[in-house]
Structures are given as structure tokens and as C-alpha cells.
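Topology and contacts: notes
Here are the chains, one letter per residue:
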Amino acid sequence: TGIRVDGNRGNITGLGASTMRGIVAYQDSDLHNVQVDNCWVQDYENGSGFFTFAAGIRFVNCWSFGHEEHGFAQNYSTDFGDADKFVEFYNCTAHDCDGYGMDVNRGRTLVANANLYWNAQGGFKFADGTEYLSVEGMRCGYNLGLGFTETDTIGTGKIFISGLVTHSNGNLGFSVRAAGSLVIGRLESYDNYCRSGASRSGFGYTGGTPLSCDVLLGDGSSGTLNNFTADFISSRNSAAGGILVDGQTMSYVIGRVEAEYAETYGFADFSTGPGHGVVNGGIMRGNNQGATAASAGAAAFQCLRSGSLKVNGVIFEDDQGSPTQNSGMYIASAC
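These notes cover the structure that comes with them. This structure is a prediction, so every number in the text was calculated from the model and none was measured.

**Here's the deal with the side chain of Thr109**
In this structure, Thr109 sits in strand E12 (residues 107–117). In this view, Thr109 contacts Gln74, Phe86, Val87, Phe89, Val104, Tyr132, Leu133 and Ser134; residues no more than four positions away in its chain are not counted.

Okay, structure coming up:
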């Protein structure tokens, strides 16, 4: 408890490719009820601030910033009795890292009340081999890359997300392409630039390749998200589309969806199906900001899936499509 570690990144030379880390639980550790409390790690060259190769450990009220890799990272094996243990992060903050604020791989992870901002690759990422992930109370903002994302192509993990806010990031706000099961309580995403390869200028972003959406659920090119449920999903002020269901997503139920002031569509289902989707309420307001009378807009609510979609009580208001272009709702013949 109460340890401060300074990697002195700006004044260290001659390390080459050597990996340097601040506080580490090493890979041959068999940990039980270990807690790292009120610790501060900064400025590590070619490494992360906090890194654990073992479960059975929790990080509480810890601060990590200025590293060449990630703020917090875990990548543990089950070889040392870790199969039923967790890595836990409570009230942790990571910022100004060249990697992600928090990068978790494999195993079982609990995260509560994390604040991840101004990181180059993104705020939060989970990866292949994730068995169980619970996120409750997380804010990902002002990251040059993605807000909340994954590199999971296996898609067998159980993912639970509640109280996630992702905003003002250079890339997508939220992306889960593959998971065994995904349950979302409340997800709010707003003011994301939605570009890959963007650069930062002052407090804004410039350049980069335009992306299709702000919130992405499913993607057949990198894994399978068979189904998901969500109580509430919102996207506001996206520089691309709002919320996109894509890939091999077979079924989903969304309690309420809100999509406002997107550059193109507010909500779209482009999944290959055949499957079944349900949206039980929400509002589409002011989408198609990029539409003009001379250029085709995108419908605020689109369905191109091969299967069925049931929509109840969605309000359409102030859509920006021109009178001769798509505006409110568009349903493809395959649906």
C-alpha cells in the first residue's frame, strides 16, 4: 500500500527492447487474496505500469500513467491454480499511455469504477481467451484510439457491462465483435470522432479513415457474436453512423435505443442472419446530419438483415434526410 514508482522514462537510455514494468505479479505466482492498494506508477519505457500474470489479486485506488505500453494489463495462465480466481480492478485510473488504459487477456476479470483517458491505442480492451468479464462503472474518454473494444476472435467468454460511458475518442466509442454471451445494462457513447489512424490536435482530432459507426455489435470478419441483450444503448453526435448490429449476430433484444445527431444512420442492422432482433422502444432524433438535397442520406433506422426484426414504440424526430432521399426507416427486401 502507498507505493509510488517512477520509471523515469524521459531520462533512461540504452534499454533497447528490454521490457520494463512498474508493479508486476509474475507468471509463476500462486496468489491468494493479494491486494495492491493506493499505489502510483508512472513513466515506464517499453512496458506497462501494473502487470499481472496471475489471478488472485486485486488493484484498489491505483493510478497509472505515461507508459510506452498500457496503464494496467493482465494476462494469466491457469497453470498455477488460477482457473477459478479473478483479477480485480477497483477505482483505478490510467491516462496518457501509448497503449491502452487497461488491457485484459484471458481468464476472469472484474472491473468497477475505472477512469481511462488520453491513451493512444484506446481506453479498454479485452482479448482472446477471456472467460468472464464484468465491467461496472467505467468511463473511457479522450483516447486517441477506441473507447472500449476487443480483439477476441474466439468468442466464448461471458461479458457483462453495466454503467459504461465512452466519449470524445478518436475511433469508435464501443465495439464487441465476438463473445459467447453479452449482456449490457447501460451503455452511453457520444462525441466520438469515428476515424482509424486519426491524429490529435489540441483537444480535437484530425485526419484518419472514416469508419461506419460509433457503437459496433458483432462483425463476421473477426469472430461471432451469436446473441446479446441490452437494457439501454445510446449514441449521440457520431461523426459516422450511430449503432450498428453486424456480422453473424443471430438474435438480440434491446430494451431502449437512443440515436441522436449521427452523421449518417442512427441505428442499423446489417447482420447476415437469418435471425431475430427486437427493439422495444427508443428515439431517433436529428440523424443524417451529412445529408443534403444533392446527396443521398441514410435512413435513420435501417434493417438489411435476413430474418425478422420487431420494433415497438420507437419515435422518429427531426431526421435530416432530404424529401427525395431516405429519411425515417428503411427495410430491405431480405428482411
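**Some remarks on a nonpolar patch on the surface**
On the surface, Phe316, Met329 and Ile331 cluster together into a nonpolar patch covering about 260 Å² of accessible area. For Phe316, the position within the fold is in strand E32 (residues 314–317). For Phe316, a relative accessible area of 36% corresponds to the partly exposed category.

**Side note on unusual backbone geometry**
One non-glycine residue, Asn8, adopts positive backbone phi at about 55 degrees. In this structure, Asn8 sits in the loop between strand E1 (4–6) and strand E2 (23–25).

**Some thoughts on the environment of Ser234**
Mapped onto the secondary structure, Ser234 falls in strand E24 (residues 227–236). In contact with Ser234, other than residues within four places in its own chain, are Leu187, Glu188, Ser189, Ile243 and Glu258.

**So, the packing of aromatic side chains**
This model, assessed by the stated rule, comprises 19 aromatic pairs. Between Phe72 and Phe89, the aromatic rings sit 5.8 Å apart at their centres with planes inclined by 75 degrees, giving edge-to-face as the arrangement. Of this pair, Phe72 sits in strand E8 (residues 72–75) while Phe89 sits in strand E9 (residues 87–90), and the two are 17 residues apart along the sequence. Like Phe72, the residue Phe89 is buried in the burial classification. If you follow Arg186 out to its NZ or CZ, it ends over the ring of Phe232, 4.1 Å from the centre. Over the ring of Tyr193 we find Arg195; its NZ or CZ atom is 5.0 Å from the centre of that ring.

**Considering the side chain of Ser271**
In this structure, Ser271 sits in the loop between strand E27 (267–269) and strand E28 (275–279). For Ser271, a relative accessible area of 2% corresponds to the buried category. At 2.6 Å, the side chain of Ser271 forms a polar contact with the side chain of Asp269.

**Quick word on the nonpolar core**
Judged by nonpolar contacts, the single largest core of 61 residues is most densely connected at Met102, Phe124, Met138, Phe148, Phe174, Leu217 and Phe267. When sequence neighbours within four positions are dropped, the list of residues in contact with Phe124 reads Tyr100, Met102, Val104, Val111, Leu116, Leu133, Val135, Met138, Cys140, Gly147, Phe148 and Thr149. The next biggest cluster of nonpolar side chains, apart from the first, holds nine residues, and it includes Leu172, Cys213, Ala268 and Ala298.

**Let's talk about the pattern of salt bridges**
A side chain with one charge can pair with a side chain of the opposite charge if their charged atoms come near. Tallied over the full model, the rule gives eleven salt bridges. Of the charged contacts in the structure, one is a salt bridge between Arg9 and Glu45, with a shortest N-O distance of 3.4 Å. With Arg9 in the loop between E1 and E2 and Glu45 in the loop between strand E4 (40–42) and strand E5 (50–52), the pair connects residues that are 36 residues apart, well separated along the chain. A residue is classified by how much of its surface remains accessible, and Arg9, at 21% relative accessible area, is partly exposed. On the basis of relative accessibility, which here comes to 26%, the residue Glu45 falls in the partly exposed class.

**Details of the pairing of E24**
In the sheet, strand E18 (residues 181–190) pairs with E24 via eight bridges, with the strands oriented parallel. Residue pairing in the sheet places Val183 in a bridge with Thr229 of E24. With nine bridges connecting them, E24 and strand E26 (residues 251–260) associate as parallel partners. Bridged to Phe228 within E26 is Tyr252.

About the thresholds
Residues numbered from 1 in each chain as written. Predicted model: local features only at pLDDT ≥ 70, side-chain atom pairs only at ≥ 80, totals over all residues. Heavy atoms only, no water. Helix = DSSP H or I, 4+ residues; strand = E, 2+ residues; numbered from the N terminus. Contact = heavy atoms within 4.5 Å. Patch = residues over 30% accessible without salt bridge, like charges linked within 9 Å, V, L, I, M, F, W, Y side chains within 5 Å. Areas by Shrake-Rupley, 256 points an atom, 1.4 Å probe, with all protein chains shown as cover. Salt bridge = Lys/Arg side-chain N within 4 Å of Asp/Glu carboxyl O. Buried < 20%, exposed > 50% of the residue type's maximum accessible area, 1.4 Å probe, protein only. Phe/Tyr/Trp six-rings, centres within 6.5 Å; stacked < 30°, edge-to-face > 60°. Lys NZ or Arg CZ within 6 Å of the ring centre and 35° of its normal. Polar contact = N/O pair within 3.5 Å; in protein donor to acceptor, adjacent residues only side chain to side chain. Core = buried A, V, L, I, M, F, W, Y, C linked by side-chain atoms within 4.5 Å. Pairing = 2+ DSSP bridges.

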